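# Descriptive structure summary
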Amino acid sequence: MKIVSLLPSATELVCGLGLRDHLVGVSHECDYPPSVVGLPILTSSRIPQGLDSGEIDRLVTDQLKNDEALYDLVMDPLISLEPDLIVTQALCDVCAVSGNDVAKAIHSLSGNPQVVNLEPICLNDVLDTVELLASAAKCVEKGVRYRAELQTRIDAVAKRSVSIAAVEKPRVALLDWLDPLFDGGHWSPEIISLSGGEPCFGAKCEPSQRRTWPQLIAAQPDIIFIALCGFNVDRSMQDVDIFLNSAGFRELSDRNKTKVFLVDGNAYFSRPGPRLVDALEVMAHTLHPEIHSLPEGLPSAIQFNTCLLYTSDAADDS
């Protein structure tokens, strides 16, 4: 069976099921596991490189408002690959090629390939996609085993968090964009709750929403967890520096002494695939390191010393 994946989370899922050797083409954003780098690229982005976050937001907003595509299928290699199974999504036009574009492209392909749409909006949905894809790829038993492995890790975090008293649960706001502010929706509030936190921003199973500084300040988070959609840590740092030096954050910090942590949102929180379980384990360790140890191979969240930031500012002012 020849499998094509048009989104990163699906690529990670295909490989997690042990089907890497069947994968023949991927999207331009597929970069994990490293073994997929070098496969034929079947999508492209209409968003220019090098834009700042505000410019990206304005461009995306305008294109979606005008019903214009953000991504294109690269048809020539797709046709030549003659895939048997195409894995895509219909959840978010900001994240990948639209389901409608894929449906139109099917008519140009030989062999009538099977198309699987993945649309998870919570952790259990992600687990469901494991078995959905395994069934389509005719490896049902692998899917059952892989789902059980992921569920066991989720359950282990949840079991440890049961011992955390309500008064010890920090109020957590996860942000997946900083200019403008967007909360983390879908699975993010669930991850916070399972980790032993109280989500105070974002709605479970709902898309991320644009927010204002007054809304963030009113939410009174003890912790802000920054996991920027599509950005690794290095790219995120550009926006985090601006965020931490903003008047809005200064007001929030003065009121709540809010702590700020940063992770690689692109790798762990943005993609609704197997690494959301990694995200859960990273979040749990961040909130309660004395209860949740960090599994080997996972990175700790980066904590910013905001007190030092303000001390330096004060010294500069004097």
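To be clear, the structure that these remarks concern was listed above.
About the criteria used
- Residues numbered from 1 in each chain as written.
- Predicted model: local features only at pLDDT ≥ 70, side-chain atom pairs only at ≥ 80, totals over all residues.
- Heavy atoms only, no water.
- Pairing = 2+ DSSP bridges.
- Helix = DSSP H or I, 4+ residues; strand = E, 2+ residues; numbered from the N terminus.
- Axes fitted to C-alpha atoms, helices over the stretch in contact; angles between N-to-C directions.
- Contact = heavy atoms within 4.5 Å.
- Salt bridge = Lys/Arg side-chain N within 4 Å of Asp/Glu carboxyl O.
- Buried < 20%, exposed > 50% of the residue type's maximum accessible area, 1.4 Å probe, protein only.
- Phe/Tyr/Trp six-rings, centres within 6.5 Å; stacked < 30°, edge-to-face > 60°.
- Lys NZ or Arg CZ within 6 Å of the ring centre and 35° of its normal.

On to the sheet that holds strand S5 (residues 85-89), then. Sheets are built from strands that pair by backbone hydrogen bonding, the pairs being arranged parallel or antiparallel. Taken in spatial order, the 4 strands line up as S2-S1-S5-S6 in an open sheet, and their pairing is parallel. A single partner strand is all that each edge strand has here, and the edge strands are strand S2 (23-25) and strand S6 (114-118). Along the sheet, successive strands turn relative to each other by an average axial angle of 30 degrees, direction set aside. Where S5 and S6 come together, 5 bridges link them in parallel fashion. The partner of Ile 86 across the bridge, within S6, is Val 115. Contacting S5 and S6, helix H5 (residues 123-136) crosses the sheet at an angle of about 175 degrees to S6.

Next up on the list: the pattern of salt bridges. Enumeration over the complete set of coordinates arrives at 13 salt bridges. Among the ionic pairs, Arg 171 bridges to Glu 198, the shortest N-O distance being 3.2 Å. Taken together, the residues span a long stretch of sequence, with Arg 171 in strand S7 (residues 171-178) and Glu 198 in strand S9 (residues 198-199) at a distance of 27 residues. By relative accessible area, Arg 171 is classed as partly exposed at 25%. Among the ionic contacts, a cluster of salt bridges with common partners joins Glu 12, Asp 31, Arg 271 and Arg 275.

We now examine the packing of aromatic side chains. Inspection of every chain in the model, using the stated rule, returns 4 aromatic pairs. The interplanar angle of 45 degrees and the centroid separation of 5.5 Å between the aromatic rings of Phe 243 and Phe 249 together place this pair among those described as tilted. Residue classification places Phe 243 among the buried residues on the basis of a relative accessible area of 4%. Of the aromatic side chains, those joined through ring pairs into one cluster are Trp 213, Phe 243 and Phe 249. A cation over an aromatic ring shows up here: Arg 275 above the ring of Tyr 268, its NZ or CZ 5.5 Å from the ring centre.

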